[in-house]
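Structural description and commentary
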Amino acid sequence: MTVSTTLPLVASLRETDPDLAALIDAEGRRQSESIRLIASENYVSQAVLEATGTLLTNKYSEGYAGKRYYEGQQFIDEIETLAVERAKALFGVDHANVQPYSGSPANLAVYLAFLQPGDKVMGMALPMGGHLTHGWGVSATGKWFTSVQYGVRKEDGRVDLDEVRDLALAERPKLIFCGGTAIPRTIEFAGFAEIAAEVDAVLVADIAHIAGLVAGGAHPSPVGHAGVISTTTHKTLRGPRGAMLMSDEEHAKKLDRAVFPGLQGGPHNHTTAAIAVALKEAATADFKAYAHRIVANAKALAEAMADRGFDLVSGGTDNHLILADLTNRAIGGKPAAQALDRAGIELNYNTVPYDPRKPFDPSGIRLGTSSITTRGLTEEHMPQIAAWMDEVITAEGDGDSSVASRVRNEIREFVAPFPIPGYSD
Ligand SMILES: *Cc1c(COP(=O)(O)O)cnc(C)c1O
């Protein structure tokens with residue numbers, strides 16, 4: 001009998017710390033046996049996994065290539081430069097900083113670069129689809145800065161640029177964020193850029209969710225519109241946990257200084273290396289096709305869900321992400337997400353715009369197709385996924401708990417032909 005394992009990455013770990021190795025194996029099995037629809041997640045390649053697991057983690061390298069505060073940077077400088085040059089080439093930008101530890105610190109660095117405490121920032125409200133770090137109240141960005149927030153239209157769930165313009169003209173923010181975490185529609189970078197220019201604000205395009213789509217040509221690029229581009233590297237871009245800040249020459253120095261020494265110490269060199277690998281992968285024709293398949297799958301899943309009576313915010317999707325309001329299904333987002341998880345479908349509960357319920361028990365669920373597309377699922381598989389979701393949510397409403405375990409078995413068989421990197425059965 002073969003043992004399910006995350007070998008070879010945890011070969012020594014299994015000896016040193018079998019308890020932890022067993023937990024990693026269990027997580028590997030969980031990730032491989034479920035249908036992952038969490039919009040912010042992906043499965044990185046074996047090559048990216050290997051780069052994150054290297055001895056580069058041993059090295060301190062505060063500073064930037066050629067200007068470090070520690071010796072022994074002969075190879076680290078080359079690794080970071082490779083990542084930077086690949087980012088610049090892939091996105092077509094003048095400048096890239098690959099050191100931010102993750103998306104949230106990357107955004108905080110942008111505040112540090114351009115604002116003083118108390119200065120005004122404008123971003124999309126969290127319950128409307130924005131991110132915490134775009135000035136939401138519980139975040140440092142909402143506590144230490146004066147924040148004004150825009151939303152989406154109630155009728156169609158889309159951003160109303162006229163409303164954004166009116167708010168910007170009235171409030172005159174110094175920094176404007178566009179982008180977010182639950183936006184199923186194309187972000188209108190040009191429209192935001194016009195507004196930012198009118199009020200003399202720096203426009204930050206936060207493409208954390210859609211960076212892979214932008215890189216693959218499946219979503220318009222913010223380059224030429226936004227002065228600063230912030231992104232994570234681990235969502236649709238399919239790299240390690242990390243982030244990048246990109247800009248034109250004008251803002252380069254300010255951003256670099258804000259990341260280090262303004263906010264961070266030593267960069268995580270193993271992550272930098274893995275970012276470089278992911279950027280190389282993202283520059284291929286294969287990745288371009290992948291990015292377009294993500295969107296095709298999302299559109300197919302949205303259509304299949306709509307056919308089954310799911311009420312989709314904005315009526316559908318232009319990208320990798322779907323937001324469904326479950327009010328008409330007489331179940332909250334949280335119990336639905338929990339029931340789906342028991343059935344082997346992993347997603348997250350989420351507020352919908354103008355949600356009458358509380359953020360910890362909201363009306364909606366959020367789904368994304370980047371992970372399942374990485375595994376090789378295609379449009380023809382989407383109706384089956386929508387059918388399972390429909391069945392599980394209906395059964396949960398009826399108090400029938402037997403459905404979840406049956407569906408779970410069906411899903412285990414369904415995904416078995418689509419292995420994930422880093423785990424073998
Ligand atoms: C995910 C995300 C972030 C934060 O990234 P973390 O790595 O979780 O800190 C920031 N902005 C947007 C729009 C995101 O989707």
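Note: the structure precedes this text.
For the structure given in this document, a descriptive report is provided here. Predicted model, so just to flag it, every value in this text is computed and none were measured.

1. Some points on helix H8 (residues 189-198)
- Inspection of H8 places Phe189, Gly191, Phe192, Ala193, Ile195 and Ala196 among the buried residues, and these make up the whole buried set.
- Of the surrounding secondary structure, the elements contacted by the buried residues of H8 are strand E6 (146-150), helix H7 (161-171), strand E7 (175-178) and strand E8 (202-206).
- Note on H8: the residue one or two positions beyond its end, Asp200, has a positive phi of about 60 degrees.

2. Quick word on the nonpolar core
- Core analysis: the largest hydrophobic core is formed by 53 residues, its most contacted members being Phe91, Ile176, Phe192, Ile207, Leu237 and Met244.
- When neighbours within four sequence positions are excluded, Leu237 is seen to be in contact with Leu90, Phe91, Ala211, Gly212, Ala215, Thr232, Met244, Leu279, Ala282 and Phe287.
- Core analysis: the next-biggest nonpolar cluster, separate from the first, contains 39 residues, Leu347, Ile385, Ala386 and Val392 among them.

3. A few points about the sheet that holds strand E14 (residues 348-350)
- Taking strand neighbours across the sheet as the criterion, the 4 strands line up as E11-E12-E15-E14 in an open arrangement whose pairing is antiparallel. The open sheet is flanked by strand E11 (311-312) and E14, the only strands paired with a single partner.
- In this structure, strand E12 (residues 321-325) lies alongside strand E15 (residues 364-368), joined through 5 bridges in antiparallel fashion. Along E15, the bridge assignment pairs Leu321 with Gly368.
- Sheet contacts for helix H13 (residues 333-342): E14 and E15; angle to E14, the most-contacted strand, approximately 170 degrees.

4. So, the pattern of salt bridges
- This model, assessed by the stated rule, comprises 24 salt bridges.
- Among the ionic pairs, Arg14 bridges to Asp25, the shortest N-O distance being 2.6 Å. Of the two residues, Arg14 sits in helix H1 (residues 11-16) while Asp25 sits in helix H2 (residues 18-33), which places them 11 residues apart along the sequence.
- A relative accessible area of 11% places Asp25 in the buried class.
- Residue Glu194 is joined to Arg165 by a salt bridge in which the shortest nitrogen-to-oxygen separation is 3.4 Å. Remark: Arg165 occurs in helix H7 and Glu194 occurs in helix H8; sequence separation between them is 29 residues.
- Bridged by salt links that share partners, the residues Glu27, Arg30, Arg36, Glu41 and Glu346 form one connected network.

What counts, and where the lines are drawn
- Numbering of residues begins from 1 in every chain and follows the order in which that chain's sequence is written.
- For this predicted model, a pLDDT threshold of at least 70 governs which residues receive local features, and a threshold of 80 or more governs which side-chain atom pairs are given and counted, while totals over whole chains, interfaces and linings are taken from all residues.
- Water and hydrogen atoms were dropped before computing side-chain values, which therefore reflect all heavy atoms in the structure.
- Each residue is placed in one exposure class: buried if its accessible area under a 1.4 Å probe, protein chains only, is under 20% of its type's maximum, exposed if it is over 50%, and partly exposed if it falls in between.
- Runs of H or I in DSSP of at least four residues are treated as helices and runs of E of at least two as strands, each being numbered from the N terminus.
- Any two residues having at least one pair of non-hydrogen atoms within 4.5 Å are treated as being in contact.
- We define the nonpolar core as a collection of buried residues of types Ala, Val, Leu, Ile, Met, Phe, Trp, Tyr and Cys that are connected through side-chain atoms lying within 4.5 Å of one another.
- Strand pairing requires that DSSP identify at least two bridges connecting the strands.
- A fitted line through C-alpha atoms represents every axis, and for helices the fit uses only the stretch in contact; the resulting angles, taken between N-to-C directions, go from 0 to 180 degrees.
- The term salt bridge refers to a side-chain nitrogen of Lys or Arg lying within 4 Å of a carboxyl oxygen of Asp or Glu.

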